[in-house]
Amino acid sequence: MRTRLVTVLLALITAILVIPGPVAAADEQGGEALHGQILNPENRDQGVEGIGITVYDGEDEIGAAETDSDGMWEVELPEPGTYRVVVDQESVPSEYVVREGIIVDGETEVEVEADDRRPLIVALEGAGAAEGGDASESPSDDAADDSGGEAGGEDGSVAPTTGGGSSFGAQFLQLTVSGILFGLVIAISAIGLSLIFGTTKMINFAHGDMVTFGAMVALLFSTGAAGLGNSLLAIFAGIGIAVLIGGLLEARLPRTTLIVAQWVAIFGGIALATTLGVMGDSIDWQVPLWLAAAIAVVMGAVLGGTMERYIWRPLRHRNVALIQMFIVSIGLALILRHVILVIFGAGRNRYAGYQIQELVQLGPVAMAPRDLVIMGVAVAVLVAVACLLQFTRIGKAMRAVSDNRDLAESSGIDVDRVTLYVWGLGGGLAALGGVLYGLNQVVEYEMGFRLLLLMFAAVILGGLGTAYGAMVGGLAVGLVAMLSTLWFPSQLMQAWALALMILMLLVRPQGLLGRRERVG
């Protein structure tokens, strides 16, 4: 009976993962399209308005668009195929010219596949710089807008670019670096997922949406907080204080006092959020992306701690079965995803100022500066997490609870507090992973959901419950996904990563760094 129930649940979960919901389907019903953003070369935070873009199929005009105040444009297409895109150079302000490269003499051809809403870079430069510079866009092919990005298609992500005329060796090196970059982002996002499973034996299906939450919050505060941002900040401040009171003072305060103090903090945050919301745009502020990312990490940690303190801990104390908690996590993921959709919208956005950059040539490998920053930040954070787990008291406690929760509790470790710290750390790392992923790709409400299967693959490949396994597994999944595009279509890159996971389960079920355990 139990085997049948588990089989039915796994089938249900697979259906949820594979079949998009009604909102997602509505978002994708537009079919094929070409879109982009034309930025001011002197200030990448501003778009250039009024530039005309016309799309032709042969000599037949398919559609035309004009850039708005943010420089955005989009043309819907009737079907997949190869289209000619023409930029009306007379509509370009006189102080600028269209940069030659992707666009030649104001025209380019773009191949669009089924259900592909494909981005196209149209870059401007100063009229006096047209003859000199060897400026290059990120990336270097004609229909991508993220060097070393992921598979192109309906999700708005972009296929890895290697340069069609490059040798096999150069393409291999370029894709290896892109795979390391992608793998580091997966590893950052998956560490919390692995630690949470290690300490609670629960699979958190909401982890992908925590990734999305981090990316969206960083986008909000880096483009101007105003009413919405101020209200969110106030609510999370109140909830964060309540979580800290509940987590740190639970054994020191009477139960009634503890409950009252937490509710006062929560209602205080809600009252402040209401006041700030009424004030609207009168309190408007904006911070650089790095500071917005720090705010997102803190709010992600609060989100993770809130889930643990007010959802998962009460369920564990009521001896709710893991399968039931598993289903609750799926429902929580759907709730969080659609709340994000309602608050932030279904549009695809990018962090201003990081879209078109001069490529840095490192031998045969070319990378955008933002990708170098992503790799540097990811490596530094992974080393910091490893040091935390290896050398600090709380890190050793996390590893002890992950190895054997009952033995750790009998040894005097406060497992509830350690679990709260794990959820906070996992939420913060998921938010940081979302910022890094959004910096390399696009920010949209399903981005974390699309990354979730690859995070699962990384965790299973490296070994369930071990943070180091998630790091190794993330790098392996990223490399396999990217290098597979040397021989196979980029649409299959995630399939090969998941095939690697299946192969690992057949050969070494405990994963690369996991330990074999007796079952039954």
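Note that the coordinates shown come from a computational prediction; the quantities given were computed from them, not determined experimentally.

1. A short note on the overall build of the protein chain
1) Next: When you go through the protein chain residue by residue, the secondary structure sums to 15 helices and 13 strands.
2) Next: A buried classification covers 52% of the 520 residues belonging to the protein chain.
3) Next: Relative to all contacts within the protein chain whose residues are 6 or more apart in sequence, the contacts with residues 24 or more apart total 74%.
4) Next: Here the protein chain has roughly 23,300 Å² of accessible surface; of this, 62% comes from carbon and sulfur atoms.

2. A word on the packing of aromatic side chains
The way to describe two aromatic rings as a pair is by their centre distance and the angle between their planes.
1) Next: Scanning the entire structure with this criterion turns up seven aromatic pairs.
2) Next: Ring geometry for phenylalanine 488 against tryptophan 496: centres 4.6 Å apart, planes inclined by 35°, an arrangement best described as tilted.
3) Next: According to the relative accessible area criterion, phenylalanine 488 is partly exposed, its value standing at 36%.
4) Next: In this structure tryptophan 496 comes out as partly exposed when scored by relative accessible area, which is 34%.
5) Next: Site record: aromatic cluster; members linked through ring pairs are Phe205, Phe326 and Phe456.
6) Next: Cation over ring: arginine 84 sits above tyrosine 56, and NZ or CZ is 4.6 Å from the ring centre.
7) Next: Over the face of the ring belonging to phenylalanine 449 we find arginine 337, whose NZ or CZ atom lies 4.1 Å from the ring centre.

3. Observations regarding the pairing of strand E1 (residues 33–37)
1) Next: The buried fraction of E1 is high, at five of five residues.
2) Next: Of the two faces of E1, the one carrying Ala33, His35 and Gln37 and the one carrying Leu34 and Gly36 are both buried.
3) Next: Two elements, E1 and strand E6 (residues 72–76), share five bridges in a ladder whose sense is antiparallel. Residue alanine 33 lies in a different strand from E6, and its bridge partner there is glutamate 76.

4. A few points about the confidence of the model for the protein chain
1) Next: Mean pLDDT for the protein chain: 78, with 83% of residues reaching 70 or above.
2) Next: Here residues 130–159 is a poorly scored stretch, pLDDT under 50, and it has 111 contacts once near neighbours within four places are set aside; other chains count.
3) Next: For residues 161–165, every residue scores under 50 in pLDDT, and the model assigns this stretch 10 contacts once sequence neighbours within four places are set aside.

5. Section: unusual backbone geometry
1) Next: Of note, lysine 201 is a non-glycine position whose phi angle comes to about 60°, a positive value.
2) Next: One non-glycine residue, asparagine 319, adopts positive backbone phi at about 60°.
3) Next: Mapped onto the elements of the fold, asparagine 319 is located in the loop between helix H7 (289–317) and helix H8 (322–344).

6. Some points on a nonpolar patch on the surface
1) Next: Together, Phe168, Phe172, Leu173, Trp487, Phe488, Leu492 and Trp496 make up an exposed nonpolar region whose accessible area comes to about 700 Å².
2) Next: Here the nonpolar patch takes three residues from helix H3 (residues 168–200), the largest share from any one element.
3) Next: With respect to the helices, strands and loops of the structure, phenylalanine 168 is situated in helix H3.
4) Next: Assessed through its relative accessible area of 47%, phenylalanine 168 is described here as partly exposed.

7. Some remarks on helix H15 (residues 493–507)
1) Next: Taking 1.5 Å per residue as the helical rise, H15 with its 15 residues ought to reach 21 Å, and the 22 Å between its terminal C-alpha atoms agrees with that figure.
2) Next: Those residues of H15 that sit buried are Met493, Ala497, Met501 and Met504. The buried residues of H15 occupy an angular sector of 95° when projected down its axis, which confines them to one face.

8. Side note on the sheet that holds strand E10 (residues 117–119)
The pairing of strands in a sheet happens through backbone hydrogen bonds and is either parallel or antiparallel.
1) Next: A sheet is described by the order of its strands in space; here three strands give the open sequence E6-E1-E10, paired in mixed fashion. Each having just a single partner strand, E6 and E10 make up the two edges of the open sheet. For this sheet the average axis-to-axis angle between neighbouring strands, irrespective of direction, equals 20°.

9. Looking at the side chain of serine 189
1) Next: Structurally, serine 189 can be placed in helix H3.
2) Next: Given the relative accessible area of 0%, serine 189 is considered buried.

Rules behind the numbers
- Residues numbered from 1 in each chain as written.
- Predicted model: local features only at pLDDT ≥ 70, side-chain atom pairs only at ≥ 80, totals over all residues.
- Heavy atoms only, no water.
- Helix = DSSP H or I, 4+ residues; strand = E, 2+ residues; numbered from the N terminus.
- Buried < 20%, exposed > 50% of the residue type's maximum accessible area, 1.4 Å probe, protein only.
- Contact = heavy atoms within 4.5 Å.
- Areas by Shrake-Rupley, 256 points an atom, 1.4 Å probe, with all protein chains shown as cover.
- Phe/Tyr/Trp six-rings, centres within 6.5 Å; stacked < 30°, edge-to-face > 60°.
- Lys NZ or Arg CZ within 6 Å of the ring centre and 35° of its normal.
- Pairing = 2+ DSSP bridges.
- pLDDT = per-residue confidence, 0-100.
- Patch = residues over 30% accessible without salt bridge, like charges linked within 9 Å, V, L, I, M, F, W, Y side chains within 5 Å.
- Salt bridge = Lys/Arg side-chain N within 4 Å of Asp/Glu carboxyl O.
- Expected span 1.5 Å × (residues − 1).
- Arc of directions from axis to C-beta.
- Axes fitted to C-alpha atoms, helices over the stretch in contact; angles between N-to-C directions.

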